Amino acid sequence: MKHLLAIEKLSRDEIEAILDRAESFAEVGRRDIKKVPTLRGRTVVTLFYESSTRTSSSFELAAKRLSADLVSVKAAGSSVDKGESLKDTVATLSAYDPAAIVIRHPYAGAAQMVAGWTEAAVVNAGDGKHEHPSQALLDVYTLRRRLGSLDGRRIWIVGDVLHSRVARSNLIAFQRMGAEVTVCGPPTLIPRGIEELGCEVSHSLEAIGEADVVYALRMQQERMSESFVPSLREYAATFQIDTRRLNPRQLLMHPGPVNRGVELSGEAIDSPQSLIVEQVAAGLVVRMAILYELLAGGERPAPVPDEESSPTPIGQPA
Amino acid sequence: MKHLLAIEKLSRDEIEAILDRAESFAEVGRRDIKKVPTLRGRTVVTLFYESSTRTSSSFELAAKRLSADLVSVKAAGSSVDKGESLKDTVATLSAYDPAAIVIRHPYAGAAQMVAGWTEAAVVNAGDGKHEHPSQALLDVYTLRRRLGSLDGRRIWIVGDVLHSRVARSNLIAFQRMGAEVTVCGPPTLIPRGIEELGCEVSHSLEAIGEADVVYALRMQQERMSESFVPSLREYAATFQIDTRRLNPRQLLMHPGPVNRGVELSGEAIDSPQSLIVEQVAAGLVVRMAILYELLAGGERPAPVPDEESSPTPIGQPA
Amino acid sequence: MKHLLAIEKLSRDEIEAILDRAESFAEVGRRDIKKVPTLRGRTVVTLFYESSTRTSSSFELAAKRLSADLVSVKAAGSSVDKGESLKDTVATLSAYDPAAIVIRHPYAGAAQMVAGWTEAAVVNAGDGKHEHPSQALLDVYTLRRRLGSLDGRRIWIVGDVLHSRVARSNLIAFQRMGAEVTVCGPPTLIPRGIEELGCEVSHSLEAIGEADVVYALRMQQERMSESFVPSLREYAATFQIDTRRLNPRQLLMHPGPVNRGVELSGEAIDSPQSLIVEQVAAGLVVRMAILYELLAGGERPAPVPDEESSPTPIGQPA
């Protein structure tokens, strides 16, 4: 594996290799010195064209815990803005001979393009409405720890599926790990033809009781002015996940940051069945694992016994 | 000591323990390698909802000199802005299992609330008009180095006492260390009933000759438009500390950044009796000491002989 | 050498000492662990009053690869903005006892002033229209690697010479290393009397075929509104360097970031004769060398055999 551009390109075995690696970093995280020397003297660049404290700080801390040197470029407000093309920016940063470039960009396909312009390993930290593979991996990791396996589990993804790269990456990843996925939201926020990806579609929460896991998406304020939904209040009335709609054996997830009182009620967020904080913790160790697999994977003696070379059915991707 | 939330909660002995620890870090600062491995592999988060280069860089460098990994979140312009509550942001950052969270926030009591939401040690780096305890500690440290002891010293705090968390924390700290404090400023900028904290009040600089130390506060531009004072010029005419009003044996302090020509004259700032630069230097070692006491304090063999277990009278706090 | 303020003050020998040192860091950059412990436990401050991702990230990574602790202050949007004078900001940062302060400032002479206010070594990372010495050093380094020597080479500097500190520093540096320099651009963008610096002046690209090296300058958008040129399109028609105007044995340079399609055509940027990416790579090792020479230069056993103590003629500076 040279780059991490899309979940779509990963086999179940490749996903599980990353998750197993992440388990070993979770063990490091329980030590007093939460740090390994793996990437000492190597450089990791983070290049964010959209602000995201959560994702960037997670990647940055992951790089630091691997002892890498970090170059963190926030493109908004930087000279990157002064009309320089993405290609030239990448050429510039590549001149530092980084081991990896972690890129967040508003255009779908940006990470793929970057991979064509640099010797560095490229990690897609979100490209437009396309993919956000590290999010999907951390979500699968979180669920695997709770459930043991995703095989046969039912997962509902609720909210603005249309604009969400998280929905897209997670739909693929959950299915590849053996889960059955339903996407749910108002018709204006569900992309036409999404059934072709092998999922069910629902336009109400009526049957949500069947879900083992409810994965709520962030409702962006700007969708209101674009009239995808009549109002946030209206949206919340019909699609908010609260403790009445959720039953106590269902698990609740959200990629964050949460709009309290919109897609989730405060009570639901704070309930014991919410995995939101575990997702963030998973993000750190999964991103350490991603950097490790890309940058040091070849050198590794498998530190974790390989998952039994199981003939489990590969989830059917799109 | 689990958190540092307010000077109000520290005994004189606790204050002195931090100052003694800071002395030992001042010694480290005179070495060529100004760094100790104490917090290697541990994470310190700085979370600033108000910009403050001075305080944030001081805490960040303190963390680095203790070899911690740093996650620095500037809330303005970050996803923290996207409607996420403070509670959820703290839950997110806590998922990284940081050893400490250093928080600056515009609401009084924010640090205290954060302490209820995280396992990390919380350091209040300024919460609204409430407290700024690390500032008070570095000021006491600076004076103790110059004067040996604060017992019986007279300290005037001059300026916008009403809006100043520095005034509040320092008033408490100076008194607790045995000093006598007078607050001075126009009636509009002195809180009613402040005498109950045990200080004197003056509305003119007439008697400032009695002070051993003059502590000038920053005059915020925005107070003008709110008509607390007629104009900066008017304020300066009456309350500016200059070299005519200051006599050569008085010490001058200011928390920075200074408005040259408003609360202080340029000459006064640059005079040998000004301790302003020493305060900044003190800030670094005192913040190293705070992090050390909170995060590694239990492990310590006392590196500095304890101050004689002196029966000196504890300053009378509010 | 205590500070690096201006190329004007460096002798050819001093320039070559820095370039030789940079060669040794280029060797470090080819290792797996691209890091040396030279500045461990010492502090480097970067203080940027103008944004420049390229220059700041280059200096910051250089400091990290030397194992320094970094304090990075971006003055825009920081408390530095709150009316604090440069002098007071420098006094504040100097209180951390940094080994070096790297400053970018819009006023010519700012770095020189800073050097008078601090014990730290000061590196001028660009001061108004005055100088940008590290840029000149990295450009000379890049050319020396390609050409062996600059003696007798013809270098054309094309574009907005009037507003460019890069033009000024490079003109001096190229000449001092033995090259012959022509500056080229519309009369509105060439400073009167520049011939006195010993260069030729041209107002068209007609004779550019004589150049061994074409060094294009960045065309700032804001010059348009100030009517130095009729329009960017007009400028590009007359002065853009493209592959028709460039012949294949000429080398092309640019300080970046490039405006594709304005001062350079896309084809020219991407051609094999373009050294733009090499310049960025050179920037890192040259800045490591600058910090090394200023901060650890005294300790050094010459790691590279000294260039033959050659009696080569010193280029005639202004």
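**Focus on the overall build of chain A**
Next up, step 1: Scanning chain A for helices and strands turns up 10 helices and 9 strands.
Next up, step 2: Its C-alpha atoms give chain A a radius of gyration of 19 Å, near enough to 20 Å, the size a compact globule of 318 residues would have.
Next up, step 3: Here chain A holds 318 residues, and 53% of them are scored as buried.
Next up, step 4: Of the contacts formed within chain A by residues at least 6 apart in sequence, a portion of 73% connects residues at least 24 apart.

**A few points about the relation of the copies chain B and chain A**
Both copies of the chain are placed relative to one another by a rotation about an axis and a shift along it.
Next up, step 1: Under the fitted operation, chain B is carried onto chain A by 0.0 Å of movement along the axis and a turn of 120°, and the coordinates agree to an RMSD of 0.0 Å. Considering both components of the superposition, the chain copies are consistent with a three-fold axis.

**Remarks on the domain arrangement of chain A**
How big an interface is tends to be expressed through the accessible area that disappears when the partners come together.
Residues and elements named next belong to chain A.
Next up, step 1: Segmenting chain A into domains produces domain 1 (7-131 + 283-299) and domain 2 (134-277).
Next up, step 2: Centre-to-centre separation of domain 1 and domain 2, based on C-alpha positions: 26 Å.
Next up, step 3: Across the boundary between the two partners, domain 1 contributes 19 residues, which contact 17 residues of domain 2.
Next up, step 4: At the level of elements, helix H1 (12-29), strand E4 (121-127) and helix H10 (276-296) are the ones that each hand at least two residues to the side of domain 1 that touches domain 2.
Next up, step 5: In terms of residue count, the dominant contributor to the side of domain 1 that touches domain 2 is H1 (5 residues).
Next up, step 6: Its residues assigned to classes, the side of domain 1 that touches domain 2 shows 9 nonpolar, 4 polar and 6 charged.

**Considerations on the sheet that holds strand E6 (residues 180-184) of chain C**
The strands making up a sheet associate through hydrogen bonds between their backbones, and the pairing can be parallel or antiparallel.
Residues and elements named next belong to chain C.
Next up, step 1: The strand order across the open sheet formed by 5 strands is E7-E6-E5-E8-E9, and the pairing between neighbours is parallel. Each edge of the open sheet carries a strand with a single partner, namely strand E7 (200-202) and strand E9 (251-253). Strand-to-strand twist of the sheet, defined as the mean angle between neighbouring strand axes without regard to direction, takes the value 20°.
Next up, step 2: Pairing geometry for E6 and E7, over 3 bridges, is parallel. Its bridge partner being in E7, cysteine 184 is matched across the sheet by serine 202.

**A closer look at the packing of helix H1 (residues 12-29) of chain C against helix H5 (residues 133-147) of chain C**
Residue and element names in this part refer to chain C.
Next up, step 1: As a packed pair, H1 and H5 sit with axes 10 Å apart at the nearest point and diverge in direction by 70°. In terms of orientation, H1 and H5 fall into the roughly perpendicular class. Crossing handedness for the pair H1 and H5: right-handed. Touching Ile15, Ile18, Leu19 and Ala22 of H1 are Leu137, Val140, Tyr141 and Arg144, all from H5.

**Here we look at the interface of chain B and chain A**
Next up, step 1: In this assembly, 21 residues from chain B lie in contact with 22 residues from chain A.
Next up, step 2: The set of elements that each furnish at least two residues to the side of chain B that touches chain A consists of strand E2 (69-74) and helix H3 (86-94) of chain B.
Next up, step 3: Partitioning the side of chain B that touches chain A into residue classes produces 6 nonpolar, 8 polar and 7 charged.

**What about the pairing of strand E3 (residues 100-105) of chain C?**
Residue and element names in this part refer to chain C.
Next up, step 1: For E3, the buried fraction is high: 6 of the 6 residues fall into the buried class.
Next up, step 2: What you see with E3 is no split at all: Ala100, Val102 and Arg104 on one side and Ile101, Ile103 and His105 on the other are buried throughout.
Next up, step 3: Bridge analysis of E3 against strand E4 (residues 121-127) gives 5 bridges, and the strand direction is parallel. Counterpart to valine 102 in the pairing with E4 is valine 123.
Next up, step 4: As a crossover connection, the stretch from E3 through helix H4 (residues 110-115) into E4 is right-handed.

**Overview of the nonpolar core**
Next up, step 1: Ile157(A), Leu291(A), Ile157(B), Leu291(B), Ile157(C) and Leu291(C) are the most contacted members of the largest nonpolar core, which totals 324 residues.
Next up, step 2: Non-local contacts of Leu291(A), meaning those with residues more than four positions away in its chain, are made with Leu39(A), Val44(A), Ala62(A), Ala63(A), Leu66(A) and Ala100(A).

**A look at helix H2 (residues 53-65) of chain B**
All names here are of chain B.
Next up, step 1: The terminal C-alpha atoms of H2 lie 18 Å apart, and with 13 residues this matches the ideal 18 Å at 1.5 Å per residue to within 8%.
Next up, step 2: In terms of burial, H2 is largely enclosed, as 13 of its 13 residues are buried.
Next up, step 3: Following H2 by one or two positions, serine 67 adopts a phi angle in the positive range, close to 70°.

**As for the interface of chain C and chain B**
Next up, step 1: Across the boundary between the two partners, chain C contributes 21 residues, which contact 22 residues of chain B.
Next up, step 2: Broken down by secondary-structure element, the contributors of at least two residues to the side of chain C that touches chain B are strand E2 (69-74) and helix H3 (86-94) of chain C.
Next up, step 3: Per-class residue counts for the side of chain C that touches chain B are 6 nonpolar, 8 polar and 7 charged.

**Let's talk about the environment of Leu147(A)**
Residue and element names in this part refer to chain A.
Next up, step 1: Take leucine 147: it is sitting in helix H5 (residues 133-147).
Next up, step 2: Residue classification places leucine 147 among the partly exposed residues on the basis of 14 C-beta atoms within 10 Å.
Next up, step 3: Between the C-alpha atoms of leucine 147 and leucine 251, which are 104 residues apart in sequence, the distance is 9.9 Å.

**Remarks on the confidence of the model for chain A**
Where the model shows low pLDDT, its predicted coordinates should not be examined in detail.
Next up, step 1: Residues of chain A with pLDDT of at least 70 account for 91%, and the chain-wide mean is 90.
Next up, step 2: Here residues 300-318 of chain A scores under 50 on pLDDT; set against residues more than four positions off or in separate chains, the count is 28 contacts.

**A look at the sheet that holds strand E8 (residues 213-216) of chain B**
Residues and elements named next belong to chain B.
Next up, step 1: Pairing is parallel in the open sheet, where 5 strands are placed in the order E7-E6-E5-E8-E9. One side of each edge strand has no neighbouring strand; the edge strands of this open sheet are strand E7 (200-202) and strand E9 (251-253). With strand direction ignored, the average angle separating the axes of adjacent strands in the sheet is 20°.
Next up, step 2: Looking at chain direction, strand E5 (residues 154-158) and strand E6 (residues 180-184) are connected through 5 bridges and run parallel. Directly across from isoleucine 155, in E6, lies its bridge partner valine 181.

**A short note on unusual backbone geometry**
Next up, step 1: In the segment running from Gly256(B) into Pro257(B), the intervening peptide bond is cis, with an omega of -10°.
Next up, step 2: Among the structural elements, Pro257(B) can be located in the loop between E9 and helix H9 (266-270).

**Regarding the pairing of E2(B)**
Side chains on a regular strand alternate between the two faces of the sheet.
Residue and element names in this part refer to chain B.
Next up, step 1: When strand E1 (residues 43-48) meets E2, the two strands line up parallel, connected through 6 bridges. Its bridge partner being in E2, phenylalanine 48 is matched across the sheet by lysine 74.
Next up, step 2: As for the winding sense of the linkage, the β-α-β connection from E1 through H2 to E2 is right-handed.

**With respect to the environment of Val280(B)**
Next up, step 1: Here Val280(B) is to be found in helix H10 (residues 276-296).
Next up, step 2: Val280(B) gets classed as buried once you count the C-beta atoms within 10 Å, which come to 22.
Next up, step 3: Setting aside residues no more than four positions away along its own chain, Val280(B) makes contact with Gly256(B), Thr92(C) and Ala95(C).

**Looking at the environment of Asp160(C)**
All names here are of chain C.
Next up, step 1: In this structure, aspartate 160 sits in the loop between strand E5 (154-158) and helix H6 (165-176).
Next up, step 2: Using a count of 24 C-beta atoms within 10 Å as the deciding quantity, one classes aspartate 160 as buried.
Next up, step 3: The spacing of aspartate 160 and leucine 217 is 57 residues in sequence and 6.3 Å in space, taken between C-alpha atoms.
Next up, step 4: Contact partners of aspartate 160, with chain neighbours within four places excluded, come to Gly185, Leu189, Leu217, Met219, Gln220 and Arg223.

**Brief notes about H10(A)**
Next up, step 1: Across its 21 residues, H10(A) extends 30 Å between first and last C-alpha, which sits within 8% of the 30 Å expected from 1.5 Å per residue.
Next up, step 2: Among the 21 residues of H10(A), 17 are classified as buried, and the element is accordingly described as predominantly covered.

What counts as what
Residues numbered from 1 in each chain as written. Chains lettered and ligands numbered in written order. Predicted model: local features only at pLDDT ≥ 70, side-chain atom pairs only at ≥ 80, totals over all residues. Helix = DSSP H or I, 4+ residues; strand = E, 2+ residues; numbered from the N terminus. Rg over C-alpha atoms; globule rule 2.2 N^0.38 Å. Buried ≥ 20, exposed ≤ 12 C-beta atoms within 10 Å, placed from the backbone. Contact = placed C-beta atoms within 7 Å. Least-squares fit on C-alpha atoms with pLDDT ≥ 70 in both. Domains from an automatic or database assignment. Nonpolar A, V, L, I, M, F, W, Y, C, P; charged D, E, K, R; others polar. Pairing = 2+ DSSP bridges. Axes fitted to C-alpha atoms, helices over the stretch in contact; angles between N-to-C directions. Parallel < 35°, antiparallel > 145°, perpendicular 65-115°, else oblique. Left-handed = near helix turned anticlockwise from the far one by under 90°. Right-handed = clockwise from strand over helix to strand, strands pointing away. Core = buried A, V, L, I, M, F, W, Y, C linked by C-beta atoms within 7 Å. Expected span 1.5 Å × (residues − 1). pLDDT = per-residue confidence, 0-100.

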